[in-house]
Amino acid sequence: MNGNIQAGYARLLGTFMLGLMQNWPLLCHKVLDHAARVHPRRTVVSYAADGVFETTYAQIRARALRVAQRLRMEGIQPGERVATLASNTARHLEVWYGATGMGAVYHPVNPRLFPEQIVYIIQHASDRLIFADPAYVPLLESLVDRLPGVHRFVVLTSAANMPATTLPGAIDYESWLAEVRGGDGENSWASFDENTGAGLFYTSGTTGRPKGVLYSHRSIVLLSLTVNAPDMYGFTARDVVLMAVPMYHANGWSWPYTAPMAGASLILPGTRLDGASLCELAQRHRATLSGGVPTVWQGYLDHCAKTGERAASLGRLFIGGSPCPEVMLRAFEQDHGIDVVHAWGMTEMGPTGSACVMTPETAQLTGAERMALRQRQGRVPFLVELKLADEAGKTLPWDDQATGHLHVRGPCILREYFGGEEQRLLDSDGYFDTGDVGAIDANGFIHITDRAKDLIKSGGEWISSVELENAALLHPAVQEAAAIAAADAKWGERPLMVLVLKPGCALTQEELAAHLAARVPRWWLPDAVVFAGELPHTATGKVNKARLREQYQDWSTKRGSD
Ligand code: AMP
């Protein structure tokens, strides 16, 4: 630190003594520098559309440096957003590190969003350059007229596999990268402050417009460190991580940083996220851990049930993004010998907020009590401060009885949305209301009962849609379940259950009621059950309750006229 800055700090600090340690900005590319130096041979296997590539952290670093230089040649300025429409591959990872390494911001767009949402967020982020998998070229061609700001499309493939396209300025990634002057790149990252923006992610936007959350280098590095503690993800250099969490979903749960930080091998499965592929990849690469939303892992369980296959090396699974049902916990634990860690978070939290791992206080629990605890969302790590509060913001006790909104604050939690939407997000103590409702026990284990907007209020009392769904899922004929509020003249709202049954199975409303009556209070029993062919899902694989509510909003009127 130079003398002037030191003197400035000293003035600010007044009588406090300035620490005498090096002041190192926490920058994303430091993670890759570390992995390339300390774990240079650790492999990253990438399932791209044009083949399977085995690479290393050292090679990814070398190519990311070229991406940084090539982006400068392209005229991308520090602070500018660079979009990706891509599955999990090594090239995608290079683009992330290359963009942040020159001070730009990567902006992964979820290709499963509605086209209108994709157009909206690309325009909102003012992206001029898009990196896309070949599979998304037709989608982009259909949208390009509505994206006048985008001047260049780089397709994440090689020249030999470049699809014919009408996209302006389209070029394959390998040819684009080869245009770097001097061949090997400048071999240096840019220098800037750790609070510089690094990654931009839009919330799933099931209600209202998607909103942008802009992670900083500092927040990404800090969260990746903190979630890699042994009681959270705990990745090690002995792990082979099958990354089934899409990188475009909330910073890929930080795994593109935690894995190289720890020197864990990475398997990037591209679009191979169906149950059969996950099982095959896990076996082939002897993956030790993986994770993702319950829908993806239900696919894995269904595949294994059908074929009798197992990935014997898989020891741990991190399941989150929506509640992990008891039936899934049981299946993994009892039939597969896999330790499921139930995790909670949201885009606005960077995204990981908690994980459910046993403590000395809970280690002796057995049977139903143990299962009930494991279904909880767990405890917050260091750097996430948690408050339970009532509607008016008054703090509630952690006694497992009081139910309220979960509020969070910390250096990896959003302060405001990108573009200044929704000002004054935080309360006077700096807490952000997650909109999730639940209770916290004396050991700090969170139990989320619902999203505030998904709760069902019947006769002034709350019914947890999550608990109703979990109870329904315990019935062997039920594949998927969603409980939503239906308007009711007498009670205000009553539960309506939409069910998808397993192939070849049958269930009546009376049978379901008998099954549920043994598990939830009688007044929670759904007034109506709809058997559907499928449930609508959001772009991140969660059941789209907002859509279901729309679909069934006039259910009681319809029922009345039946
Ligand atoms: P997203 O920003 O798309 O990751 O969505 C975040 C929201 O997903 C949270 O606010 C919760 O409502 C929900 N969610 C995530 N993980 C869990 C979980 N383990 N249990 C219950 N809800 C969850």
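The text that follows walks through the structure, step by step, so that each part is easy to find. (Residues numbered from 1 in each chain as written. Predicted model: local features only at pLDDT ≥ 70, side-chain atom pairs only at ≥ 80, totals over all residues. Heavy atoms only, no water.)

**Looking at the side chain of D127**
Then, number 1: For D127, the location among the structural elements is in the loop between α5 (115–124) and β5 (129–132).
Then, number 2: Within the buried core, D127 has no salt-bridge partner, and the shortest N-O distance to an opposite charge, that of R81, equals 5.2 Å.
Then, number 3: Once residues within four sequence positions are removed from consideration, D127 is found in contact with R81, V82, A83, H107, I121, I122, G149 and V150. (Helix = DSSP H or I, 4+ residues; strand = E, 2+ residues; numbered from the N terminus. Buried < 20%, exposed > 50% of the residue type's maximum accessible area, 1.4 Å probe, protein only. Lys, Arg positive; Asp, Glu negative; His and termini not counted. Salt bridge = Lys/Arg side-chain N within 4 Å of Asp/Glu carboxyl O. Contact = heavy atoms within 4.5 Å.)

**Describing the site of the ligand**
Then, number 1: Taken together, 15 residues are adjacent to the ligand, and A343, T347, D436, R451 and K542 come closest.
Then, number 2: Side-chain polar atom of H249 to an oxygen atom of the ligand: 3.5 Å apart, as the coordinates give it.
Then, number 3: With respect to the ligand, the side chain of R451 contributes an N or O atom lying 2.9 Å from an oxygen atom.
Then, number 4: When isolated, the ligand has an accessible area of 490 Å², and the protein chains bury 91% of it. (Near = heavy atom within 4 Å. Polar contact = N/O pair within 3.5 Å; in protein donor to acceptor, adjacent residues only side chain to side chain. Areas by Shrake-Rupley, 256 points an atom, 1.4 Å probe, with all protein chains shown as cover.)

**Some remarks on the environment of E361**
Then, number 1: Considering the arrangement of structural elements, one finds E361 in the loop between β15 (352–355) and α13 (367–374).
Then, number 2: For E361, the side chain forms a polar contact with the side chain of T359, separated by 2.9 Å.

**Thoughts on the sheet that holds strand β19 (residues 446–451)**
Then, number 1: Spatially, β16-β17-β18-β19 is the arrangement adopted by the four strands of the open sheet, whose pairing is antiparallel. Each edge of the open sheet is held by one strand with a lone partner, namely β16 (385–389) and β19. Geometrically, the sheet is characterised by an average inter-axis angle of 45° between neighbouring strands, direction not taken into account.
Then, number 2: In this sheet, strand β18 (residues 432–440) lies alongside strand β17 (residues 404–409) in antiparallel orientation, the contact comprising four bridges. For G404, the partnering residue across the bridge sits in β18 and is G438. (Pairing = 2+ DSSP bridges. Axes fitted to C-alpha atoms, helices over the stretch in contact; angles between N-to-C directions.)

**Section: the pattern of salt bridges**
Then, number 1: Following the criterion strictly, the structure yields 24 salt bridges and no others.
Then, number 2: A salt bridge links R376 to D441, with the shortest nitrogen-to-oxygen separation between them at 3.9 Å. Here the residue R376 occupies a position in the loop between α13 and β16, and D441 occupies one in the loop between β18 and β19, the gap between them amounting to 65 residues.
Then, number 3: Take R376: its relative accessible area is 10%, and that puts it in the buried class.
Then, number 4: Residue D441 is classed as buried on the basis of its relative accessible area of 11%.
Then, number 5: With a closest N to O distance of 3.0 Å, R494 and D527 form a salt bridge. Here D527 lies in the loop between α15 (509–517) and β24 (528–531) and R494 lies in strand β23 (residues 492–501), a separation of 33 residues in the sequence.

**As for the packing of helix α10 (residues 275–284) against helix α11 (residues 294–307)**
Then, number 1: Packing of α10 against α11 brings their axes to within 7 Å, and their N-to-C directions diverge by 80°. The angle between α10 and α11 places the two elements in the roughly perpendicular class. Listed contacts from α11 to G275, A276, L278 and C279 of α10 are V296, W297, G299, Y300, H303 and C304.
Then, number 2: When grouped by side-chain class, the residues that make up the contact of α10 with α11 number seven nonpolar, three polar and no charged. (Parallel < 35°, antiparallel > 145°, perpendicular 65-115°, else oblique. Nonpolar A, V, L, I, M, F, W, Y, C, P; charged D, E, K, R; others polar.)

Remember, this is a structural readout, not a statement about activity or role.
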